[in-house]
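Structural characterization, general
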Amino acid sequence: MLGFGRLNMAIVGTGYMAGKMAETIRYVSEVRPYAVCSRSTDRAYEFAQKYGFKKAYGSLQELLEDRKVDLVYIATPHSEHYEQVKMCIEYGRPVLCEKPFCLNAPMAEELLALAHEKHVFAAEAMWIRFLPFAGQILETLRSGIIGEPVMLTAGLGYNVGRVRRMLDPDLGGGALLDIGIYLLNFASMIFGDDISRINAHCTYTALHMDEQESITLRYSSGRIAQLSVSMVGVSDRRAVISGTKGCIVIENVNNFESLTVLDSDHNRISSYKRPGQRTGYEYEIRACAKAIKEDRLEVEQMDHDQIISILHMTDHIRGQLKVRFPQEMDEQELEAYHKFRAEHTASRKAAAAAGADGGEAASAAAAEDAAAVPDPSAETAETFLPPAGTGDGESQVPVAGDGFAAGKDLPEAQA
Ligand SMILES: NC(=O)c1ccc[n+]([C@@H]2O[C@H](COP(=O)([O-])OP(=O)(O)OC[C@H]3O[C@@H](n4cnc5c(N)ncnc54)[C@H](OP(=O)(O)O)[C@@H]3O)[C@@H](O)[C@H]2O)c1
């Protein structure tokens with residue numbers, strides 16, 4: 001029975017975050033590395049050897065059948081989260097899933113209702129919510145040193161535009177769910193979720209995933225958050241919270257490093273640096289272990305309503321941008337989508353074959369998934385999804401209250 005000693009932790013996937021977490025948990029006294037599963041038994045075995053896990057499984061089902069597993073951490077592409085979280089809950093295994101918890105709010109609502117029904121712990125690994133420095137930021141705000149906070153700006157951009165899981169609609173790609181979601185969580189931590197209006201604009205990848213976007217959130221209180229997201233451009237990762245008497249400048253909104261307070265004349269009043277940490281992922285693990293030991297189903301840093309609320313925001317933004325995943329399409333849309341992808345792959349292979357190094361380029365293209373190379377100029381991306389007028393990334397300005405305000409737990413929009 002859970003509640004005493006270290007929890008046996010299991011990891012799903014053997015990629016980047018799985019490795020990061022495996023490194024981290026060696027230093028977290030509340031858990032011990034126990035099991036890993038992969039789509040390949042060999043990869044699971046190699047991972048287990050490398051990081052000192054006792055058990056290696058070739059499928060999630062086998063891992064979940066192991067009754068010694070106390071906490072499952074899911075580190076797979078976004079497309080897999082829904083099914084994998086569901087399986088964990090059905091097997092009664094506490095689960096911490098990487099962000100986004102799943103592709104959209106209805107999926108999260110279903111999963112979290114199931115977690116309550118089966119009395120199983122479930123959490124999203126939105127690590128910035130667990131970082132102790134978040135408390136320092138909130139304390140500084142509450143001190144009144146910058147007066148009344150009225151606006152925030154935050155930007156996050158990485159050149160990861162060739163990473164397959166970011167590009168592929170089948171894997172839940174796009175900049176919003178991968179990168180933008182940090183900024184939505186940051187804005188939510190600072191200004192709450194009482195949003196009356198959202199406006200978003202984006203550019204698209206060749207397969208019509210959002211590549212970079214500008215998002216404006218207007219709050220019922222009159223505050224505004226302006227967020228910039230990119231999966232092709234490197235940003236300064238800075239956030240600025242503006243108040244009536246000064247501002248707070250935060251370095252690295254995706255792993256808070258420091259904050260500096262400026263007065264209304266832009267003189268530096270104070271600054272704080274983040275204390276030492278391991279990888280930063282230790283805090284979410286500790287929070288989960290504590291909640292599980294206390295027989296709670298959620299963590300206080302990001303409760304279930306919060307998970308759903310953020311996904312309502314991403315649903316609303318994707319609605320404006322006309323970005324949809326195959327998992328959300330009806331039969332007719334899926335047919336058009338598959339046709340579009342096949343044409344896209346064929347035209348890429350043909351272009352590669354006609355290139356100067358002919359044979360080499362052709363075989364490279366044949367081996368490569370259609371999603372692996374972005375082509376920002378691909379007009380054909382519009383053939384299966386957005387109606388005319390939206391392909392340039394200009395989303396329709398929403399009527400106040402349209403869609404978003406209709407979401408669960410969200411307020412009536414302001415005019
Ligand atoms: N918190 C953070 O700072 C942070 C940073 C980066 C990413 N993330 C999140 O972590 C999750 C994983 O990202 P990652 O960068 O670790 O991805 P990754 O390096 O591509 O690894 C994903 C792993 O998932 C497994 N997998 C299962 N089904 C798959 C499928 N259909 N296609 C591809 N792989 C599949 C693979 O392991 P096997 O082949 O062994 O099955 C793969 O190695 C995502 O949700 C992402 O948003 C979080």
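Structure: above.
Below is a short write-up of the structure.

What follows covers the site of the ligand. Taken together, 21 residues surround the ligand, and among them Gly-13, Thr-14, Gly-15, Met-17 and Ser-38 come closest. Of all the secondary-structure elements, those providing two or more residues to the shell around the ligand are helix H1 (16–25) and helix H4 (78–90). Its residues assigned to classes, the shell around the ligand comprises seven nonpolar, seven polar and seven charged. A domain split of the shell around the ligand shows at least three residues from each of domain 1 (7–128 + 281–302) and domain 2 (129–276 + 311–321).

Here we come to helix H5 (residues 105–118). In this model H5 runs 20 Å from its N-terminal to its C-terminal C-alpha over 14 residues, within 8% of the 20 Å that 1.5 Å per residue would give. Those residues of H5 that sit buried are Ala-105, Met-107, Ala-108, Leu-111, Leu-112 and Ala-115. For H5, the arc enclosing every buried residue in end-on projection is 150°, short of the 170-degree limit, so these residues lie on one face. Set apart from the buried face of H5 by more than 90 degrees, the exposed residues are Ala-113 and Glu-117. In this structure, the buried side of H5 is in contact with H4, strand E6 (122–125) and helix H10 (304–321). Of the residues one or two after H5, His-119 is the one with positive phi, at around 55°.

Moving on to H1. Since one α-helical turn is 3.6 residues long, residues separated by three or four positions face the same way. Of all the positions in H1, only Ala-18, Met-21, Ala-22, Thr-24 and Ile-25 are classed as buried. Taken down its axis, H1 places every buried residue within 160° of arc, on the same side. Where H1 is buried, its residues contact strand E1 (7–12), strand E2 (31–37), helix H2 (41–51), strand E4 (71–74) and helix H9 (282–293).

A few words on the sheet that holds strand E7 (residues 149–157). Reading across from one edge, E8-E9-E10-E7-E11-E12-E13-E14 is the order of the eight strands in this open sheet, with mixed pairing throughout. Of all strands in the sheet, those bounded by a partner on one side alone are strand E8 (195–204) and strand E14 (268–273). Put simply, the sheet's adjacent strands are angled 10° from each other on average, direction ignored. Relative to strand E13 (residues 258–263), strand E12 (residues 246–251) runs antiparallel, the two sharing six bridges. Bridge pairing links Ile-250 to Leu-259 in E13. Here helix H6 (residues 132–142) sits on the sheet and contacts E7, strand E11 (239–243), E12, E13 and E14; the angle it forms with E13, its principal contact strand, is near 15°. Packing of helix H8 (residues 175–191) onto the sheet brings it into contact with E7, strand E9 (210–219), strand E10 (224–230) and E11, and relative to E10 it is tilted by some 160°.

Reading the values: rules and limits
Residues numbered from 1 in each chain as written. Predicted model: local features only at pLDDT ≥ 70, side-chain atom pairs only at ≥ 80, totals over all residues. Near = placed C-beta within 6 Å. Helix = DSSP H or I, 4+ residues; strand = E, 2+ residues; numbered from the N terminus. Nonpolar A, V, L, I, M, F, W, Y, C, P; charged D, E, K, R; others polar. Domains from an automatic or database assignment. Expected span 1.5 Å × (residues − 1). Buried ≥ 20, exposed ≤ 12 C-beta atoms within 10 Å, placed from the backbone. Arc of directions from axis to C-beta. Contact = placed C-beta atoms within 7 Å. Pairing = 2+ DSSP bridges. Axes fitted to C-alpha atoms, helices over the stretch in contact; angles between N-to-C directions.

Limitation: the analysis is restricted to geometry and does not speak to function.
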